[in-house]
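Below are the chains, spelled out letter by letter.
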Amino acid sequence: SKIIEVENLQLTYAPKTAMQRQALQNINLTVERGEFRAIIGPQGSGKSTLLQVLAGLEEGVGRVVVDGLDLSLKKNRNLLWQRVGIIFQQPERQLFEDNLYNDVAFGPKNMGLPAEEIERRVKKALQKVNLGEEYHHLSPFKLSGGQQRRAAIAGILAMEPKILLLDEPTAGLDPRGRQEIMDLFSHLCSNQGLTIILVTHDMEEVAQRADKVTVLNKGKVFMEGKPKEIFARG
Ligand code: ADP
Ligand code: ADP
């Protein structure tokens, strides 16, 4: 079944000003539940903007339905944060609590979950990103770059989203760090049914991980297909 449906989406930044920028034009996109979708395209082609719309952080014109929620309604956009996790470039900037445990607990606490459930989720999420108990009391700022990145990802996983929107989540990491994080995302997708939308410039990641690829160019869908089909047409 479809978890994301986008019809005729347009988004213009700073409309009716000298700074006007049409970031998205006539975007049509459907994503199946449990799919691993990659979005590629040159700088400025609208990839980040599309993720922001799917996360309810930007609003365009057109039909956007995410997990059954029609995002033209404000009340639906406000429900989205519990179901859709967005991981920005350099997500470690999203870290801000005094220790790792509290940082990861921040989202579940905001969801108003009972204390035992918060604890269960925090421990599980930190275990998934391979940061064991010995890290829980450390300041997130004492961790290495790769560990900070994984800590930020744990904070999103602890919310148990159905959809993960990833904007170049491995940028700046070494090959081993990249591999670890991409393995985690692949696992969440194939074993736990999460739907993943990955924006990346790494064509190896796309070839290895994605079920399907959408290529954006100048705010439009330029091509769409399986990685093999896309790369064959190059
Ligand atoms: P990509 O992620 O593919 O690099 P973006 O979605 O960031 O593309 O940008 C698409 C277009 O929208 C670009 O022309 C960019 O300059 C413009 N843009 C992005 N964000 C903003 C913004 N906040 N205000 C004005 N223009 C923006
Ligand atoms: P695995 O053995 O595949 O690592 P587990 O058996 O530990 O997975 O956990 C599976 C459970 O994880 C599912 O029943 C589901 O409730 C829960 N889950 C679902 N989505 C997430 C998520 N985003 N982060 C953490 N746990 C999740």
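My aim in this report is to walk through the structure given alongside it, one point at a time. Note that the structure is predicted; figures quoted are calculated from it, not measured.

A word on the nonpolar core. Among the nonpolar cores identified, the biggest contains 40 residues, and Leu 164 and Phe 185 are the most heavily contacted of them. If you list the elements that add at least two residues to this core, you get β3 (36-40), α3 (100-110), α4 (115-128), α5 (145-157), β7 (163-167), α6 (175-192), β8 (195-199) and β9 (212-217). Val 6, Leu 24, Leu 71 and Leu 165 belong to the second-largest nonpolar core, a separate cluster that totals 28 residues.

Those residues of α3 not exposed but buried are Leu 100, Asp 103, Val 104, Ala 105, Gly 107 and Pro 108. Elements that come into contact with the buried residues of α3 comprise α4 and α5. If you check the start of α3, you find a side-chain oxygen 3.0 Å away from the backbone N of Tyr 101, and it comes from Asn 99.

The 4 strands lie next to each other as β2-β1-β4-β5, forming an open sheet whose pairing is antiparallel. The sheet is open, and its two borders are formed by β2 (21-32) and β5 (69-70), each paired with just one other strand. Summarising the sheet, strand β4 (residues 61-66) and β5 pair through 2 bridges and their orientation is antiparallel. Looking at β5, one finds that Val 65 is bridged to Asp 70. Running at roughly 120° to strand β1 (residues 2-13), helix α1 (residues 47-54) makes contact with β1, β2 and β4 of the sheet.

Attention now goes to α1. Buried residues dominate α1, accounting for 7 of its 8 residues. A positive phi of about 75° marks Gly 56, the residue just after α1.

Right, let's talk about the site of ligand 2 for a bit. Taken together, Lys 124, Lys 128, Leu 157, Glu 160, Pro 161, His 187, Asn 191, Gln 192 and Leu 194 are the residues near ligand 2. One of the side-chain nitrogen or oxygen atoms of His 187 is found 2.9 Å away from an oxygen atom of ligand 2. Separating an oxygen atom of ligand 2 from a side-chain N or O atom of Gln 192 is a distance of 2.6 Å. Burial of ligand 2 by the protein chains amounts to 56% of its free accessible area of 580 Å². A per-element tally of the shell around ligand 2 places α6 first, with 3 residues. Its residues placed into classes, the shell around ligand 2 shows 3 nonpolar, 3 polar and 3 charged.

The rules behind each value
- Residues numbered from 1 in each chain as written.
- Chains lettered and ligands numbered in written order.
- Predicted model: local features only at pLDDT ≥ 70, side-chain atom pairs only at ≥ 80, totals over all residues.
- Heavy atoms only, no water.
- Core = buried A, V, L, I, M, F, W, Y, C linked by side-chain atoms within 4.5 Å.
- Buried < 20%, exposed > 50% of the residue type's maximum accessible area, 1.4 Å probe, protein only.
- Helix = DSSP H or I, 4+ residues; strand = E, 2+ residues; numbered from the N terminus.
- Contact = heavy atoms within 4.5 Å.
- Polar contact = N/O pair within 3.5 Å; in protein donor to acceptor, adjacent residues only side chain to side chain.
- Pairing = 2+ DSSP bridges.
- Axes fitted to C-alpha atoms, helices over the stretch in contact; angles between N-to-C directions.
- Near = heavy atom within 4 Å.
- Areas by Shrake-Rupley, 256 points an atom, 1.4 Å probe, with all protein chains shown as cover.
- Nonpolar A, V, L, I, M, F, W, Y, C, P; charged D, E, K, R; others polar.

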